[in-house]
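Summary of structural features
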Amino acid sequence: MPETLVILPAAAIQRALTRIAHEIAERNENGADVVLVGIPVGGDVLAQRLSVLLGEIWQIPVPFGVLDVTLYRDDLGGRIAPAVHPTVIPFDVTGKTVVLVDDVLFSGRTTRAAMDALNDFGRPKKIQLAVLVDRGHRDLPIKADFVGKNVPTALSEKVRVRLDVPGRADEVILEK
Amino acid sequence: MSWNRKHLLDIESLTAAEIFTVLDTARAFKAVGERAIKKVPALRGKTVVNLFIEPSTRTRISFELAAQRLTADIVNFSADASSFKKGETLKDTARNLEALNADFIIIRHSASGAPHFLSRVVNAHVINAGDGAHEHPTQALLDTFTIREKKGKIAGLNVTILGDILYSRVARSNIWALTKLGANVTLCGPSTLVPKTFEQMGCRVTHDVEEAIRDADIINLLRIQHERQRQTMFPGIGEYTTLFGLTKARLARTKPDALIMHPGPINRGVEIDSDIADSGRSLILEQVTNGLAVRMAVLFLVNGGQGPHGVTVG
């Protein structure tokens, strides 16, 4: 068993999301222009929760979608094909401010793939990035607009986000 | 998810879990086909060769579009316009294609086992697009995908395959796939074309069409393959239609939710009544749409497979 450390318990995840929702509202004056797009696995659940929180702040429904970036990854060759998840974006992203939502920001390659993928669905006016955990070690010049928690990590460590697992509390764990 | 095969050569050697992996992956690719931009960069920079040593239109075009929608480059190669006419062997042709850095070879050949042979002599990923009367794996995968999409499951369904079974690679691949996934398979057709020996593959054989279609949830019709019959195996087309063709009268005696499939090309008025082919009970065109998604999934999955040597897990 690897050594594990809880870096965000359930209550802290909830507080971080509430703060991120207020920051998104502060940055974007017109809530009607904002849509949320989560990257599975993890970001889709967070996007849904942020949609509820922002809906309460703005008093309007804030649409959310799910964007699978597997087919846009730059590391598909030479490894077993990863699972492809469904993409569901039930709205037009053209002219919108799209807030991409991911659980962990690491190399930045997933975000790069997500921005490529979004372009195939339309031309957003702006793309912003919200993540629950920023663990550093970027390979690309990418920076999050909204961060739940900055966690300095070693490359060998793993960050695991557990959300909506039946019978277990939400938590973010660092595995040494 | 489980897939680490380098090639897709047949259905016989696949596990049920591997078949389901293809079907689940194909579902995501079908959604890609419904977008405004139907192209994804998953196979960018890869080269696919369509090596069709036997005529085909729909399968070749389906693979061609599948490769293009994955952003691969594709070259078509057909027997009549190639060096086969000049006496080059299959092995030499394939190795020449590989010398041009082909990453995938999609092969259709009149000889059973040609794709298996090819997979042993080249490093490229080999996909069987139909070999003789042996197998046509992507057809079986698209048929099971279509059945699962329409009926929500495959296990426990009654599937009747009606027509020329003996010469049909579509039938063999379908029998393997359906029995592995738990369907009850019935084969029916003239006794010369549906020998009892097929019972060894785990299905039921009958020569009574009324009985074969009565309890069927799916009726998969097969074309009479004139080109593969060495001599006439039944008296005539008219008699075939009378005894085994899916007519309106016969359709009326099936379950009301029984659905009709056909791998194409259809012979209207022979194995299927023209109006039935165009009716809401027919899945023929949906099979074509799903075929594209399934072939994209197969290309995507074998690209990640390294075969028995050097398996990597990401």
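Residues numbered from 1 in each chain as written. Chains lettered and ligands numbered in written order. Predicted model: local features only at pLDDT ≥ 70, side-chain atom pairs only at ≥ 80, totals over all residues.

**Topic: the overall build of chain B**
To keep things clear, this is the line we draw: Secondary structure elements follow DSSP: runs of H or I no shorter than four residues count as helices, runs of E no shorter than two count as strands, and numbering proceeds from the N terminus. Throughout, the radius of gyration refers to the C-alpha atoms, and the reference size of a globule is 2.2 Å times the residue count to the power 0.38. The burial criterion counts other C-beta atoms lying within 10 Å of a residue's C-beta, which is placed from the backbone; the residue is buried at 20 or more, exposed at 12 or fewer, and partly exposed between these limits. The contact criterion used here is simple: two residues whose C-beta atoms, placed from the backbone, lie within 7 Å are in contact.
Of the regular secondary structure elements, chain B holds eleven helices and nine strands. For chain B, the C-alpha radius of gyration of 19 Å lies close to 20 Å, the compact-globule estimate for 314 residues. Considering only C-alpha atoms, chain B reaches an extent of 55 × 45 × 35 Å along its principal axes. For chain B, buried positions account for 47% of its 314 residues. Taking the intrachain contacts of chain B between residues at least 6 apart in sequence as the baseline, contacts between residues at least 24 apart amount to 75%.

**Observations concerning the sheet that holds strand S6 (residues 184-188) of chain B**
Strand pairs in the sheet, formed through backbone hydrogen bonds, run parallel or antiparallel to each other. Residue and element names in this part refer to chain B. For clarity, the cut-off: Two strands qualify as a pair provided that DSSP identifies no fewer than 2 bridges between them. Lines fitted to the C-alpha atoms define the axes, with helices restricted to the stretch that makes contact. Angles between their N-to-C directions range from 0 to 180 degrees.
Strands sit in the order S7-S6-S5-S8-S9 across an open sheet of five strands; the sheet is parallel. Two strands in the sheet have a free side with no partner beyond their single neighbour: strand S7 (204-206) and strand S9 (259-261). This sheet shows a mean twist of 20° between the axes of neighbouring strands, independent of strand direction. Of the strand pairs in this sheet, strand S5 (residues 158-162) and S6 are connected by five bridges, and their pairing is parallel. Looking at S6, one finds that Asn-158 is bridged to Asn-184.

**What about the interface of chain A and chain B?**
Put simply, the rule reads: Only Asp, Glu, Lys and Arg are considered charged in this grouping, and only Ala, Val, Leu, Ile, Met, Phe, Trp, Tyr, Cys and Pro are considered nonpolar; every other residue, Gly among them, is considered polar.
Of the residues lining the interface, 16 residues belong to chain A; the matching set on chain B comes to 19 residues. Residue composition of the side of chain A that touches chain B, grouped by class: nine nonpolar, four polar and three charged.

**Some words on the pairing of S6(B)**
Residues and elements named next belong to chain B. For the record, the criterion: Here is how to tell: hold the view so the strands point away, follow the path from the first strand over the helix to the second, and if it runs clockwise the crossover is right-handed.
The buried count for S6 comes to four of five residues, which makes it a mostly enclosed element. In this region the chain leaves S5, passes through helix H6 (residues 169-180) and returns to the parallel neighbour S6; the handedness of that crossover is right-handed. Two elements, S6 and S7, share three bridges in a ladder whose sense is parallel. Across the sheet, the residue bridging to Cys-188 is Thr-206, located in S7.

**Some words on the domain arrangement of chain B**
Residue and element names in this part refer to chain B. Using the following cut-off: Throughout the structure description, domain borders are defined by an automatic or database domain assignment.
Taken as a whole, chain B is organised into domain 1 (16-134 + 291-304) and domain 2 (137-288). Domain 1 puts 17 residues into the contact, and the matching count from domain 2 is 18 residues. In terms of residue class, the side of domain 1 that touches domain 2 is made up of nine nonpolar, five polar and three charged.

**A word on the sheet that holds strand S6 (residues 146-150) of chain A**
All names here are of chain A. With respect to topology, five strands assemble into an open sheet ordered S3-S2-S4-S5-S6, the strand pairing being parallel. Looking at which strands have only one partner, the edges of the open sheet turn out to be strand S3 (64-66) and S6. Geometrically, the sheet is characterised by an average inter-axis angle of 25° between neighbouring strands, direction not taken into account. Sheet topology note: the strand S2 (residues 34-38)/S3 ladder contains three bridges and is parallel. From the neighbouring strand, Gly-38 faces S3, where its bridge partner is Val-66. Of the strands in this sheet, S2, strand S4 (97-105), strand S5 (126-134) and S6 touch helix H1 (residues 10-27), which is tilted by about 150° from S6. Its contacts with the sheet put helix H3 (residues 109-119) on S4 and S5, and the angle it makes with S4 is roughly 155°.

**Comments concerning the environment of Ala42(B)**
By the secondary structure assignment, Ala42(B) is in the loop between helix H1 (16-33) and strand S1 (47-52). As a C-alpha pair, Ala42(B) and Arg69(B) span 27 residues in sequence and 8.9 Å in three-dimensional space. Sequence-distant contacts of Ala42(B), defined by excluding residues within four places in its chain, comprise Leu71(A), Leu76(A), Leu70(B), Thr71(B) and Phe300(B).

**Quick notes on the confidence of the model for chain B**
Detailed reading of the predicted model is not advised wherever pLDDT is low. Residues and elements named next belong to chain B. Rules: Every residue carries a pLDDT, the predictor's confidence in it, which falls somewhere between 0 and 100.
Here chain B averages 91 in pLDDT, while 93% of its residues score no lower than 70. Long-range and interchain partners of residues 308-314, a stretch whose pLDDT sits below 50, account for ten contacts in this model, where long-range means more than four residues apart. Note on the complex model: pTM 0.89, ipTM 0.78.

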